[in-house]
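Examining the three-dimensional arrangement
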Amino acid sequence: MGGRIAEKDNPLTVMQELYFTQFHEKVSSSKEMEKFYRKVISASGVLDMAERSSRPLTIVDICGGGGRLGHELEKEVKKPINIVNVDISNEQLRIDNGKLKIRGEMMHLPLADKVADVALLINMPNPVRVVENHLERTKPDSIKEIADNYELYCLLADARHCTVKLAVFEGLRILKDNGIMSFGTVYRGPSTYGVEKIDVPLKQVGFEIFGLDLKVAKLWDDYGISVEKPEFFVESFRKIGEVNRSSVTQCRNALRDSLESLSGSKRFWEVIGEMRRAEEAKKKIVGKIDRE
Ligand SMILES: C[S@@+](CC[C@H](N)C(=O)[O-])C[C@H]1O[C@@H](n2cnc3c(N)ncnc32)[C@H](O)[C@@H]1O
C-alpha cells in the first residue's frame, strides 16, 4: 500500500475497511450460485489440465473467501489436488474447511514465485468499488457537487485500474510457466476487468458468458453490488512469459500517486464520512432488531 501516507489514513486501508463483507453467507453458499462455480471449473480448463498431469495440481484461489470454489473443485476433479485459499478476511477463511488457507492481500500474495499451476481470481474484489458504488447511488443537489463527484470518480478510477493491474501481476508472479489464470464474475460488457488491455504475458484461451437464475441478482444486491441482469462470464488465459519488473514498479508508483491525490481530496473524506455514518446507523438498527 502507499508508502508516504500513515496506514490508518491510507485511502486504500480506509476503503478496505468499508468493503462489503459476508460474501459466503449472502451469495456464494446459496444453491443458485452452484452453476456459476461449476461453470468456472469447466470453462477454466482445470479438469483437462488435471487429467493430463502426472502430479497433483496446485491451484491458488486468490481471494477465495469461504472456499466455495475449492469445495466444488474437490468434488469435480477426480484426482488429488492442492487448493490454496488466500484471502484477507479471517472470518471468511474460518468458513473454509479446506486444508490450505492463508491470510493475505491480493496485491502482495504471501507465496513464492511460480508455485501455482492455476491461479483463480473469481469475483475479484476491489476496495475502490465500494466508494464508486456509493457515489453512483448519491443524488447531487448542486452543480458544484456534480463537479466534485466527477473529479473524485476519475481519481477512484485511476486507483481501481492500478489495483486490478497489481493483482494480475501478482497472480502471474506465483504462476508456473504455461500456467492458467482464470477470471469470472458478473458480466458488465466487454472489458469487465479490462485484463486484455493490460500489457501482460497472458494469452486468452477461453471466454464464456452464461446466464444464472434471476434470484442471483437479489443475492448480489443484498451483498452490496447491484446486478441488473444475472449474466456472468469466465475468461481464461495461459501464462506466456514473465511480467517486466519495471511495469510492476511503475504501477506501484502510479497507485501511490493516485492514493496521495485521494488523500488530499476533500470530497473523498466527505464521502467516507457519509459511508461511515451510514454503516453506524445500519449497525444500530441491526442491534435494535436483535434485542427485540
Ligand atoms: C466477492 S468475494 C469472492 C470470494 C470467492 N472468490 C468466491 O467467488 O466465492 C471477495 C473476497 O475477497 C476478499 N478480499 C477483499 N479484499 C481483499 C484483498 N485486498 N485481498 C485479498 N482478499 C480480499 C474478501 O474477504 C472476500 O472473501
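To be clear, the structure that these remarks concern was listed above.
What comes next concerns the included structure. (Residues numbered from 1 in each chain as written. Predicted model: local features only at pLDDT ≥ 70, side-chain atom pairs only at ≥ 80, totals over all residues.)

1. Observations regarding the overall build of the protein
If you tally the helices and strands in the protein, you get 11 helices and seven strands. Relative to a compact globule of 292 residues, whose C-alpha radius of gyration would be 19 Å, the protein shows 19 Å and is just as compact. When its C-alpha atoms are laid out on the principal axes, the protein stretches across 60 × 55 × 30 Å. Scored against the burial criterion, the 292 residues of the protein give a buried share of 36%. Residue pairs in contact within the protein that sit at least 24 positions apart in sequence constitute 78% of those at least 6 positions apart. (Helix = DSSP H or I, 4+ residues; strand = E, 2+ residues; numbered from the N terminus. Rg over C-alpha atoms; globule rule 2.2 N^0.38 Å. Buried ≥ 20, exposed ≤ 12 C-beta atoms within 10 Å, placed from the backbone. Contact = placed C-beta atoms within 7 Å.)

2. Details of helix α3 (residues 34-44)
Residues of α3 that are buried: Phe-36, Val-40, Ile-41, Ala-43 and Ser-44. Turning to α3, the residues buried within the fold contact α4 (46-52), α5 (68-76), β4 (116-122), β5 (175-186), β6 (202-211) and β7 (231-239). Count one or two residues on from α3 and you reach Gly-45, which has phi positive near 85°.

3. Some words on the nonpolar core
Counting 52 residues, the largest nonpolar core has Ile-59, Val-60, Ile-62, Val-118, Ala-119, Leu-120 and Leu-121 as its most contacted members. The element contributing the most residues to this core is β4, with six residues. In this view, Leu-120 contacts Ile-59, Val-60, Asp-61, Ile-62, Leu-69 and Ser-182; residues no more than four positions away in its chain are not counted. Val-14, Met-15, Ala-159 and Cys-251 belong to the second largest nonpolar core, which has 16 residues in total. (Core = buried A, V, L, I, M, F, W, Y, C linked by C-beta atoms within 7 Å.)

4. Digging into the pairing of strand β1 (residues 57-62)
Most of β1 sits inside the fold, with five of its six residues counted as buried. As judged from the six bridges shared by β1 and strand β2 (residues 81-87), these two strands associate in the parallel manner. Paired with Ile-59 across the two strands is Ile-83, which belongs to β2. Taken together, β1, α5 and β2 form a β-α-β motif whose crossover is right-handed. As paired strands, β1 and β4 are joined by three bridges and run parallel to one another. Counted as the bridge partner of Asp-61 is Leu-120 from β4. (Pairing = 2+ DSSP bridges. Right-handed = clockwise from strand over helix to strand, strands pointing away.)

5. Here's the deal with the environment of Val-186
Following the sequence through the fold, Val-186 ends up in strand β5. You can call Val-186 buried: it has 20 C-beta atoms within 10 Å. Considering only alpha carbons, one finds Val-186 and Trp-269, 83 residues apart in sequence, at a separation of 29 Å. Every residue in contact with Val-186, bar those within four places of it in the chain, is listed here: Trp-220, Val-227 and Phe-232.

6. Describing the environment of Phe-23
Structurally, the position occupied by Phe-23 is in helix α2 (residues 23-28). On the neighbour-count criterion, Phe-23 (24 C-beta atoms within 10 Å) is buried. Leaving out residues up to four positions away in the same chain, Phe-23 has contacts with Ser-28, Gly-65, Gln-92 and Tyr-223.

7. What about the packing of helix α7 (residues 127-137) against helix α8 (residues 143-174)?
Interhelical geometry of α7 versus α8 gives an angle of 155° and a closest axis separation of 9 Å. Classified by the interaxial angle, the pair formed by α7 and α8 is roughly antiparallel. Read as a crossing pair, α7 and α8 show a hand that is left-handed. Within the contact between the two elements, α7 uses Val-128, Arg-129, Val-131, Glu-132 and Leu-135 and α8 uses Asn-149, Leu-152, Tyr-153, Leu-156, Ala-159, Arg-160 and Thr-163. (Axes fitted to C-alpha atoms, helices over the stretch in contact; angles between N-to-C directions. Parallel < 35°, antiparallel > 145°, perpendicular 65-115°, else oblique. Left-handed = near helix turned anticlockwise from the far one by under 90°.)

8. Some words on α7
All of the buried residues along α7 are Pro-127, Val-128, Val-130 and Val-131. Within α7, the buried residues cover an arc of 160° as seen down the axis, which keeps them to one side. The exposed residues of α7 that point more than 90 degrees off its buried face are Glu-136 and Arg-137. (Arc of directions from axis to C-beta.)

9. A short note on the packing of helix α1 (residues 11-18) against α7
In the contact formed by α1 and α7, the axes pass within 7 Å of each other and the chain directions differ by 75°. Judged by the inter-axis angle, α1 sits roughly perpendicular to α7. Seen from α1, the contacting residues are Leu-12, Met-15, Gln-16 and Leu-18; seen from α7, they are Pro-127, Val-128, Val-130 and Val-131.

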